[in-house]
Amino acid sequence: MKILVLKSSGNKNGSSNMLADEFIKGAGSKGHEITEYNVIRKNIKPCLGCGACGMNGACVQKDDYENELKRLLKETDVIVFAFPVYYFGWPAQIKAVVDRFYSHTMELTGMHKKTVMLTVAWNDDDDTFAVTKAYYDKICEYMQFENLGTVVGKGCGTPSQTAGTVYPKMAYELGLSI
Ligand SMILES: Cc1cc2nc3c(=O)[nH]c(=O)nc-3n(C[C@H](O)[C@H](O)[C@H](O)COP(=O)(O)O)c2cc1C
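What counts as what
- Residues numbered from 1 in each chain as written.
- Predicted model: local features only at pLDDT ≥ 70, side-chain atom pairs only at ≥ 80, totals over all residues.
- Heavy atoms only, no water.
- Near = heavy atom within 4 Å.
- Polar contact = N/O pair within 3.5 Å; in protein donor to acceptor, adjacent residues only side chain to side chain.
- Areas by Shrake-Rupley, 256 points an atom, 1.4 Å probe, with all protein chains shown as cover.
- Nonpolar A, V, L, I, M, F, W, Y, C, P; charged D, E, K, R; others polar.
- Buried < 20%, exposed > 50% of the residue type's maximum accessible area, 1.4 Å probe, protein only.
- Helix = DSSP H or I, 4+ residues; strand = E, 2+ residues; numbered from the N terminus.
- Arc of directions from axis to C-beta.
- Contact = heavy atoms within 4.5 Å.
- Core = buried A, V, L, I, M, F, W, Y, C linked by side-chain atoms within 4.5 Å.
- Salt bridge = Lys/Arg side-chain N within 4 Å of Asp/Glu carboxyl O.
- Patch = residues over 30% accessible without salt bridge, like charges linked within 9 Å, V, L, I, M, F, W, Y side chains within 5 Å.
- Phe/Tyr/Trp six-rings, centres within 6.5 Å; stacked < 30°, edge-to-face > 60°.
- Axes fitted to C-alpha atoms, helices over the stretch in contact; angles between N-to-C directions.
- Left-handed = near helix turned anticlockwise from the far one by under 90°.

> Please set out the site of the ligand residue by residue, giving values where relevant.
Around the ligand sit 17 residues, and of these S9, N11, S16, N123 and C156 come closest. Between F88 and the ligand, the recorded distance is 3.0 Å, taken from a backbone N or O atom to an oxygen atom. A distance of 2.9 Å separates an oxygen atom of the ligand from a polar atom in the backbone of G157. With the chains in place, 77% of the 650 Å² that the ligand exposes on its own is no longer accessible. Tallied by class, the residues present in the shell around the ligand amount to nine nonpolar, eight polar and no charged.

> Requested: an account of helix α7 (residues 167-176), with residues and values cited.
Within α7 the residues assigned to the buried category are Y167, P168, A171, L174 and G175. All buried residues of α7 project into a common sector of 120° when viewed along the axis, lining one side. If you follow the buried residues of α7, they end up packed against α1 (15-28), β4 (114-120), β5 (146-153) and α6 (159-163).

> Which residues make up the nonpolar core, and what are the values?
In terms of nonpolar packing, the biggest core is built from 28 residues, with L6, L69, F81 and F101 touching the most fellow members. When residues of this core are traced back to their parent elements, those giving at least two are β1 (2-7), α2 (64-75), β3 (78-84), α3 (92-100) and α5 (130-143). Contact partners of L6, with chain neighbours within four places excluded, come to Y37, V39, L69, I79, V80, F81, A82, I94 and V97. Counting 19 residues, the second largest nonpolar core, distinct from the first, contains A82, V116, L118 and V151.

> Outline the pattern of salt bridges, supporting the account with residue identities and numerical values.
For the structure shown, the criterion picks out 13 salt bridges. With a shortest N-O distance of 3.2 Å, E146 and K114 are connected by a salt bridge. Residue E146 is found in strand β5, and its partner K114 is found in strand β4; the two are separated by 32 residues along the sequence. One network of salt bridges, in which partners are shared, links K7, D21 and E36.

> A description of a nonpolar patch on the surface should follow, citing residues and the corresponding values.
A cluster of nonpolar side chains, contributed by Y86, Y87 and F88, occupies part of the molecular surface with about 430 Å² of accessible area. With relative accessibility at 83%, the residue Y87 sits in the exposed group.

> Go over the packing of aromatic side chains, please, and point to the residues and values.
The relative placement of two aromatic rings is captured by the distance of their centres and the angle of their planes. Taken as a whole and assessed by the stated rule, the structure comprises five aromatic pairs. Clustering of aromatic rings is evident, with ring pairs tying together F81, F83, W90, Y135 and Y136.

> Account for the packing of α1 against α7, with residues named and values stated.
Where α1 meets α7, the axes come as close as 6 Å, and the angle between the chain directions of the two elements is 35°. Crossing geometry of α1 relative to α7 is assigned as right-handed. Contacts between α1 and α7 pair M18, L19, E22, F23, K25, G26 and A27 from the former with Y167, P168, A171, Y172, L174, G175 and L176 from the latter. Taken together, the residues that form the contact of α1 with α7 break down as 10 nonpolar, two polar and two charged.

In structure tokens, the structure reads:
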């Protein structure tokens, strides 16, 4: 299968990328074709809500989403969302990607993509992740994505903390299970 891993932290060797890299190791060992895409290094603008696309057409913003990521999303079988929790939710950089689904919502929905969520936060309580998880579930439902699994890294405030938890192994095993 084709797997598109969307990384979205500015910390190259940070905690969410650690989970993403472990996932990639696991999935890579099964022979899948993996594309890493670091959204934070790309020029992806927020949706303007202008409606010009009609939810099924070209976006007026000719940036890396329209010219590159849109095609990668279309071609892939699996989308992996890897991100740190920011203020109890998804960071702006990956939320912008989801909002830009708008110009091809009809098409993406009909493709029944498979998805994975890998996330980390400093706190180690369930409540910290409640909105993040609820949002993922709702997006899967609305976009008709099939959730292949999630890793919710509690108490992963720094890479050294994260390395000492079970979550990198969980991410590796989730990759292996694909
Ligand atoms: C802008 C910002 C907001 C954050 N908000 C939260 C939060 O709401 N809850 C929490 O537990 N950690 C929060 N954190 C901490 C990060 O989620 C945590 O340090 C994470 O490990 C960073 O992941 P990274 O290494 O992949 O960038 C926040 C960090 C930043 C920079």
